[in-house]
Amino acid sequence: MKKYIVLAFMLLSAAINAQNVEQIFKSMPANLLPGASEGNRTMLLVDSSTTSVPYAFGEIKKIVHSENYLKIETSKAGSTQLKLLPFEGDSLLVCVIKTVCAGACDSYFSFYTTNWEKMDSDKFLPNILPELFYDSSKKGEENYKYAVSLPDIYPISASFETEGTDLTLKLNIKERLTQTQLDKIKPYLKSDSVVLKWNNGTFK
């Protein structure tokens with residue numbers, strides 16, 4: 001009998017300690033989602049038929065919702081993604097991606113514990129540079145240097161899939177460059193998207 005009691009206690013503890021994206025979203029600090037009350041967040045998540053709720057700055061719209069991933073639209077130009085990533089044994093890491101599309105989409109990353117203690121992003125994400133998208137075998141060519149050195153024109157957006165932990169980066173340059181500039185860059189562009197894999201606690 002004692003064995004069954006211990007087993008039941010262990011299962012109950014695991015259920016209590018198990019964390020999903022709903023719990024994380026509802027406890028999200030106010031400064032990360034200004035104007036959205038816990039009631040707004042609960043309404044958005046609990047009712048599967050509810051895809052949007054009003055809040056102080058307009059409307060929050062639910063785009064994707066799974067056990068470990070949530071994407072919401074916070075304005076016509078902005079969105080926020082929350083992804084739970086496996087980290088150090090049985091613990092989880094929260095990756096938050098805020099994307100602003102003002103002409104071209106650009107994403108900003110932050111990482112937290114499940115208690116919303118901020119972590120150093122450099123530990124989990126490589127330095128995202130334009131070179132990731134270019135053919136490095138052509139480095140010696142003059143126009144290659146031109147392609148990767150144009151200032152302030154490299155908005156890079158990021159997105160997760162609903163399932164899995166792959167992170168897709170997309171180089172959004174068509175909205176920022178003239179056709180002449182694009183023609184010079186195109187021969188050196190390997191791809192406008194790159195997939196990073198979550199491996200041993202970091203994206204590679």
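Model, not experiment: these values are computed from the prediction.

Colleague: Would you explain the sheet that holds strand β9 (residues 167-171) in this entry?
Modeller: Consider a sheet: its strands pair through backbone hydrogen bonds, and that pairing is either parallel or antiparallel. Taken together, the 3 strands give an open sheet; going across it, the order is β8-β9-β10, and neighbouring strands pair in antiparallel fashion. For this open sheet the edge positions go to β8 (156-160) and β10 (193-196), each flanked by a neighbour on one side alone. Taken over all neighbouring pairs, the strand axes of this sheet differ in orientation by 25 degrees on average, direction set aside. The pairing of β9 with β10 spans 4 bridges and is antiparallel. Bridging across to β10, Leu-169 finds its partner in Val-194.

Colleague: Looking at this structure, I do not really get the pattern of salt bridges. What am I missing?
Modeller: Oppositely charged side chains are able to pair whenever their charged atoms sit close together. Enumeration over the complete set of coordinates arrives at 2 salt bridges. Among the salt bridges present, the one from Asp-192 reaches Lys-170, with a minimum N-O distance of 3.1 Å. Taken together, the positions of Asp-192 in the loop between α5 (179-185) and β10 and Lys-170 in strand β9 put the pair 22 residues apart, joining distant regions of the chain.

Colleague: Help me out: how do you make sense of the state of the cysteines in this one?
Modeller: Disulfide: a covalent bond connecting the sulfur atoms of a pair of cysteines. Going through the model one piece at a time under the given rule, you end up with 1 disulfide. One disulfide in the model links Cys-101 with Cys-105; its S-S distance is 2.0 Å. Taking the torsion about the S-S bond as the criterion, the Cys-101 to Cys-105 disulfide, at about 105 degrees, is right-handed.

Parameters at a glance
Residues numbered from 1 in each chain as written. Predicted model: local features only at pLDDT ≥ 70, side-chain atom pairs only at ≥ 80, totals over all residues. Heavy atoms only, no water. Pairing = 2+ DSSP bridges. Helix = DSSP H or I, 4+ residues; strand = E, 2+ residues; numbered from the N terminus. Axes fitted to C-alpha atoms, helices over the stretch in contact; angles between N-to-C directions. Salt bridge = Lys/Arg side-chain N within 4 Å of Asp/Glu carboxyl O. Disulfide = S-S within 2.5 Å.

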